[in-house]
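Descriptive structure summary
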Number of protein chains: 2
Amino acid sequence: MEKIYATYLIETPLDVAKAAATLAGEQSSGTFVAVPGETEELKQRFAARVEKITLLESVSAPSLPGAKSASGKFQRAEVVVSWSLENMGYNLPTLVSTIQGNLYEITAFTGLKLMDVELPPSFAQHFRGPKFGVAGCRQLTKVEGRPLIGTIIKPSIGLSPEQTAALVKVLAEAGIDFIKDDELMANPPHSPFDERVDAIMRVINDHADCTGKRVMYAFNVSDEMDAMQRHYEKIISAGGTSAMISLNSVGLSGAKKICDHGALAIHGHRNGWGMLNRHPLLGIEFPAYQKLWRLAGVDQLHVNGIANKFWESDDSVVRSIEACAKPLLGGMSVLPVVSSGQWGGQACETFRRTKTVDLLYMAGGGIMAHPDGPAAGVRSLQKWWEAAVEGLTQEQAAAKYLELKKSVEKFGKTK
Amino acid sequence: MEKIYATYLIETPLDVAKAAATLAGEQSSGTFVAVPGETEELKQRFAARVEKITLLESVSAPSLPGAKSASGKFQRAEVVVSWSLENMGYNLPTLVSTIQGNLYEITAFTGLKLMDVELPPSFAQHFRGPKFGVAGCRQLTKVEGRPLIGTIIKPSIGLSPEQTAALVKVLAEAGIDFIKDDELMANPPHSPFDERVDAIMRVINDHADCTGKRVMYAFNVSDEMDAMQRHYEKIISAGGTSAMISLNSVGLSGAKKICDHGALAIHGHRNGWGMLNRHPLLGIEFPAYQKLWRLAGVDQLHVNGIANKFWESDDSVVRSIEACAKPLLGGMSVLPVVSSGQWGGQACETFRRTKTVDLLYMAGGGIMAHPDGPAAGVRSLQKWWEAAVEGLTQEQAAAKYLELKKSVEKFGKTK
């Protein structure tokens, strides 16, 4: 039977081997009471197995409360555990309950983070993954050889459908590839979903008729299932190409159902991610997280950005982009969404470290607040990416191209 | 316009008022760029407002990484923030993206926990809440005046449908009120969902025909949407009364869709909860969490138990039971599920501190491993609750009733 492997960073007041065995036991056979005749066979088939233990440093204070150490030491380690696929079958929520689930509450651990998960090849037959991915999103927007350039409607909240459409018109004429709703707004009283779609798609359709370029707009469908389905249909009937889902707020089952339809590119917003990830010894790391959402079928996934306005380090952002770029089960292409505090100048470092232009690069102020107007803002972002692919640093690019020098002068200090 | 209030525990390297303003700004109007003519009006209508700040202690080390303090101090505070309902309307996922969302990633905070949320009365018109709750679950199981006594099938995983049904027969004959699948198993190859339902419901239906008592079995439907819907229907057609959902793994939208059908009592399993809650300054507290799931319509919700085997303190468990007992928007009754390491003896302390028998009290070994057999195990749990309601402590109960003395001798040391 095929196996699933999960890698954890743990911290324990106990012997590491014992703690790892507790982990495996809790998440598989549990307490085996005597079941006539079957106990040993069941144990062999269904017990999770500790495959590997790599000791790391020990610390003198626990990372999480709820357990004491007799020795005063808390040992960290990387632990790999395997399960037979037979335990849960092809079932994403139950996979999550198995590889995460109750583990975080066990007193054998004063720290536990799911670092990665490895899935058997047969998952590729049971999960289609993203319908569009990188190639599909490029095709829909007719952008090749550079990142898709995107932006978010600001203010986040409060604009009427007509006001939003007016901004979309400015951005479409500026040459933008992609626009998204804010995650704070899906179908609020001041901007009812259907009215917003109608107003915005009128602009986008007109622009496509004139120029042949259809701006991708990710309408935020996050809601209860019936509303999400209704809103999804509405986008299709209005000629839209994308829907956005707040992944953590909607959840795996709901998001997968929407992805399964396969008629729109799904923009996966990871708001809530900090709760799952910010603590170094609690939660889940992005390499594991992104696999779950690719299995669910998300086409575009947020990865934060270099020199972002949040707490995340550049190293972590680079790892996330790399995780997305790596094929999953031989494919399941996903487009990483670079955003947060981006104004163009980070393109050089982003490319230097990741060597990819398969990105959706999102900037806010860098476009709408550009001194020469939004069209100059979009052109500036494209130019930054040309310079990045040329291999220039931010300083070299600014020295070589006057327009980028102006961009640094305007936005360089805003990080 | 009605308002939503959220209470946070925060820790910040900045001035608290400034940090709180950042929170409110990030989750509402965001960066207000000039939108001709509308800016001030929009700000008034849609800006989240800091309603109250209560300073707490300051600490010298940050609880979460990603921010430095110029003063070397990190100030803790309780902060109440309000939003106009107009910002998101009646939309649970978008409510979550608003009151949690990106907040955990902001460098203005080195700690942030959502403590509670207060919802306006009109939510009661838009969300039915639990269809069954306490009264409905009592009616389905014909249990009055004491907690429902429940158990989990062990081993967690690996039994065939027929083996499971054989255990159910033993438990039904022992007088159990409630049984549940383990969260590690929903529709695995070794126990296909439909076969398991057929095998188990044959036993439960026969038992109901003979005795008039229908054991409630919570079949784990956690899966993708279509499978969950199919499995839900299967339970109904086989005469079942309950379905279980791993709430965090399935997510809000998927769980609500299943709850909305209203034909089965929904057992809400909170596995994954430790990831959201174990750190004192990250995530969400149960008073807020349980409101979201009651709005979604979950009838039974896990609260851990007194002297449990996990890390959680008794105080926290008591607060969780109290949170469930408190009406939400005038009703939305939910049955707290007490479990983890329970063997009966904790009934006394549970009742002393909560003064309620409106519980689903789950025990494993206390039933199946009882020296005089499972029926004696179930009777023992009922007797513990009689003693608890009499006002006896565990010691007093054991002194007064011989069978409870034996129970303490057998299980008392297992915590």
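None of the values given here were measured: they were computed from a predicted structure.

Rules used in this analysis
- Residues numbered from 1 in each chain as written.
- Chains lettered and ligands numbered in written order.
- Predicted model: local features only at pLDDT ≥ 70, side-chain atom pairs only at ≥ 80, totals over all residues.
- Heavy atoms only, no water.
- Pairing = 2+ DSSP bridges.
- Helix = DSSP H or I, 4+ residues; strand = E, 2+ residues; numbered from the N terminus.
- Axes fitted to C-alpha atoms, helices over the stretch in contact; angles between N-to-C directions.
- Contact = heavy atoms within 4.5 Å.
- Expected span 1.5 Å × (residues − 1).
- Least-squares fit on C-alpha atoms with pLDDT ≥ 70 in both.
- Domains from an automatic or database assignment.
- Buried area = accessible area lost by both parts, 1.4 Å probe.
- Salt bridge = Lys/Arg side-chain N within 4 Å of Asp/Glu carboxyl O.
- Polar contact = N/O pair within 3.5 Å; in protein donor to acceptor, adjacent residues only side chain to side chain.
- Left-handed = near helix turned anticlockwise from the far one by under 90°.
- Nonpolar A, V, L, I, M, F, W, Y, C, P; charged D, E, K, R; others polar.
- Phe/Tyr/Trp six-rings, centres within 6.5 Å; stacked < 30°, edge-to-face > 60°.
- Buried < 20%, exposed > 50% of the residue type's maximum accessible area, 1.4 Å probe, protein only.
- Arc of directions from axis to C-beta.
- Lys, Arg positive; Asp, Glu negative; His and termini not counted.
- Parallel < 35°, antiparallel > 145°, perpendicular 65-115°, else oblique.

**Considering the sheet that holds strand E3 (residues 74-84) of chain A**
Residue and element names in this part refer to chain A. Spatial strand order, E2-E3-E1-E4-E10: five strands in an open sheet with mixed pairing. A strand with exactly one partner marks an edge of an open sheet, and here the two such strands are strand E2 (49-59) and strand E10 (282-284). Averaged over all neighbouring strand pairs, the angle between strand axes comes to 15°, with direction disregarded. Judged from the seven bridges that link them, strand E1 (residues 3-12) and strand E4 (residues 111-118) form a sheet pairing that is antiparallel. From the neighbouring strand, Leu9 faces E4, where its bridge partner is Lys113. Against the sheet, helix H3 (residues 92-99) touches E1, E3 and E4, its axis set at about 35° to E1.

**Description of helix H13 (residues 314-325) of chain A**
For H13 of chain A, which comprises 12 residues, the first-to-last C-alpha distance of 17 Å matches the rise-based estimate of 16 Å (1.5 Å per residue) to within 8%. Buried residues along H13 of chain A sit against helix H12 (286-296), strand E12 (335-338) and helix H14 (347-354) of chain A.

**A look at the relation of the copies chain A and chain B**
For the pair chain A and chain B, the relating rotation is 180°, the translation along its axis is 0.0 Å, and the fit reaches an RMSD of 0.0 Å. The transformation just described matches what one would write down for a two-fold rotation axis. Within chain A, the C-alpha atom positioned nearest to the axis of rotation is that of Gly251 of chain A, 1.8 Å from it. The overlap is high: 100% of the interface residues of chain A also sit at the interface in chain B, so the same surface is used on both sides.

**Re the domain arrangement of chain A**
All names here are of chain A. Splitting chain A by domain gives domain 1 (3-126) and domain 2 (133-412). When each unit is reduced to the centre of its C-alpha atoms, the spacing between domain 1 and domain 2 is 35 Å. Contact residues are listed per partner, giving 24 residues for domain 1 and 19 residues for domain 2. Each partner contributes to the roughly 1,800 Å² buried at the junction of domain 1 and domain 2, and carbon and sulfur atoms together form 71% of this total. Looking only at domain 1, the three residues that lose the most surface to domain 2 are Leu92, Lys113 and Leu119, adding up to 31% of its buried area. Counting across the interface, domain 1 meets domain 2 through two salt bridges. For Asp116, the salt bridge goes to Lys291, with nearest N and O atoms at 2.9 Å. Scanning the region where domain 1 abuts domain 2 turns up 10 residue pairs in polar contact (both at pLDDT 80 or more). Broken down by secondary-structure element, the contributors of at least two residues to the side of domain 1 that touches domain 2 are E1, H3, E4 and helix H4 (123-126). Ranked by residues supplied to the side of domain 1 that touches domain 2, first place goes to E4 with seven residues.

**Looking at the packing of helix H14 (residues 347-354) of chain B against helix H16 (residues 374-390) of chain B**
All names here are of chain B. In contact at an axis separation of 8 Å, H14 and H16 are set at 40° when each is read in the N-to-C sense. In the crossing of H14 with H16, the sense of the turn from one axis to the other is right-handed. Between H14 and H16, the contacting residues are Ala347, Cys348, Thr350 and Phe351 on the first element and Trp384, Trp385, Ala388 and Val389 on the second. Tallied by class, the residues present in the contact of H14 with H16 amount to seven nonpolar, one polar and no charged.

**Re the sheet that holds strand E7 (residues 216-220) of chain B**
Residue and element names in this part refer to chain B. Strands sit in the order E5-E6-E7-E8-E9-E11-E12-E13 around a closed barrel of eight strands; the barrel is parallel. Ignoring strand direction, the axes of neighbouring strands in this sheet form an average angle of 25°. Bridging between strand E5 (residues 148-152) and strand E6 (residues 178-180) involves three bridges; their strand directions are parallel. Along E6, the bridge assignment pairs Ile152 with Lys180.

**Some thoughts on the packing of aromatic side chains**
For the structure shown, the criterion picks out 22 aromatic pairs over all chains. Between Phe123 of chain A and Phe127 of chain A, the ring centres sit 5.4 Å apart and the planes meet at 25°, which makes this aromatic pair stacked. With respect to burial, Phe123 of chain A and Phe127 of chain A carry one shared label: buried. Arranged with centres 5.8 Å apart and planes meeting at 85°, the rings of Trp273 of chain B and Phe286 of chain B form a pair that is edge-to-face. Here Trp273 of chain B, found in helix H11 (residues 273-277), pairs with Phe286 of chain B, found in helix H12 (residues 286-296); they are 13 residues apart in sequence, far enough to count as distant. Judged by relative accessible area, which is 2%, Trp273 of chain B ranks as buried. The class for Phe286 of chain B is buried, based on a relative accessible area of 3%.

**Focus: the pattern of salt bridges**
Side chains that differ in sign of charge can pair as their charged atoms come close. Applying the stated criterion across every chain, the model contains 48 salt bridges over all chains. Across the pair Lys113 of chain A and Glu285 of chain A runs a salt bridge, and its minimum N-O distance is 2.9 Å. A residue pair is termed long-range when its members are at least 10 positions apart, and Lys113 of chain A in strand E4 and Glu285 of chain A in the loop between E10 and H12 qualify at 172 residues. Looking at Lys113 of chain A, the relative accessible area reads 1%, which means it is buried. Judged by its relative accessible area of 16%, Glu285 of chain A falls in the buried class. The salt bridge partner of Lys383 of chain B is Glu386 of chain B, with a shortest N-O separation of 3.3 Å. Of this pair, Lys383 of chain B and Glu386 of chain B both sit in helix H16, separated by three residues, roughly a single helical turn. Connected through shared salt-bridge partners, Glu11, Glu57 and Arg76 of chain A make up one network.

**Some words on the interface of chain A and chain B**
Taken together, the 87 residues of chain A in the interface contact 88 residues of chain B. Carbon and sulfur atoms make up 57% of the surface buried where chain A meets chain B, a total of about 6,900 Å² over both sides. By the criterion of area lost to chain B, the three top residues of chain A are Glu105, Met275 and Arg278 of chain A, representing 12% of everything that side buries. Applying the counting rule to chain A against chain B returns six salt bridges. For Lys257 of chain A, the salt bridge identified is with Asp226 of chain B, shortest N-O distance 2.7 Å. Summed over the shared surface of chain A and chain B, the number is 41 residue pairs in polar contact (both at pLDDT 80 or more). Of all the elements, helix H10 (residues 252-261) of chain A adds the most residues to the side of chain A that touches chain B, at six residues. By residue class, the composition of the side of chain A that touches chain B is 35 nonpolar, 36 polar and 16 charged.

**As for H14 of chain A**
Residues and elements named next belong to chain A. Of the residues making up H14, those classed as buried are Ala347, Cys348, Thr350, Phe351 and Thr354. Projected onto a plane normal to the axis of H14, the buried residues spread over an arc of 165° and lie on a single side. Contacts from the buried residues of H14 go to H13, strand E13 (360-362), helix H16 (374-390) and helix H17 (394-400). Phi turns positive one or two residues past the end of H14, at Lys355, with a value near 55°.

**Focus: the pairing of E3 of chain A**
Residues and elements named next belong to chain A. Of all 11 residues in E3, nine are buried, a share of seventy percent or more. Two elements, E1 and E3, share 10 bridges in a ladder whose sense is antiparallel. Bridge pairing in E3 places Thr12 opposite Gln75. Pairing analysis gives eight bridges linking E2 to E3, with the strands arranged antiparallel. Bridge pairing in E3 links Arg49 to Ser82.

**With respect to the environment of Phe286 of chain B**
Counting along the chain gives 282 residues from Phe286 of chain B to Ile4 of chain B, while the straight-line C-alpha distance between them is 18 Å. Among all residues touching Phe286 of chain B, those that are not within four sequence positions of it are Arg270, Trp273, Leu301, His302, Val303, Ser320, Ala323 and Cys324 of chain B.

**Quick look at the side chain of Glu105 of chain A**
Examined against the element boundaries, Glu105 of chain A turns out to sit in the loop between H3 and E4. Despite being buried, Glu105 of chain A has no salt bridge partner; Arg270 of chain B is the closest side chain of opposite charge, sitting 4.3 Å away. Those residues in contact with Glu105 of chain A, other than ones at most four positions away along the chain, are Arg270, Trp273, Gly274, Arg278, Asn304, Phe310 and Trp311 of chain B.

**Some remarks on the packing of H13 of chain A against H14 of chain A**
All names here are of chain A. Closest axis-to-axis distance for the H13/H14 pair is 10 Å, and the angle between their directions is 60°. With respect to H14, the axis of H13 lies oblique. Our pair here, H13 against H14, has a crossing hand that is right-handed. Counted together, Asp314, Asp315, Val318, Ile321 and Glu322 of H13 and Thr350, Arg353 and Thr354 of H14 form the full contact between these two elements.

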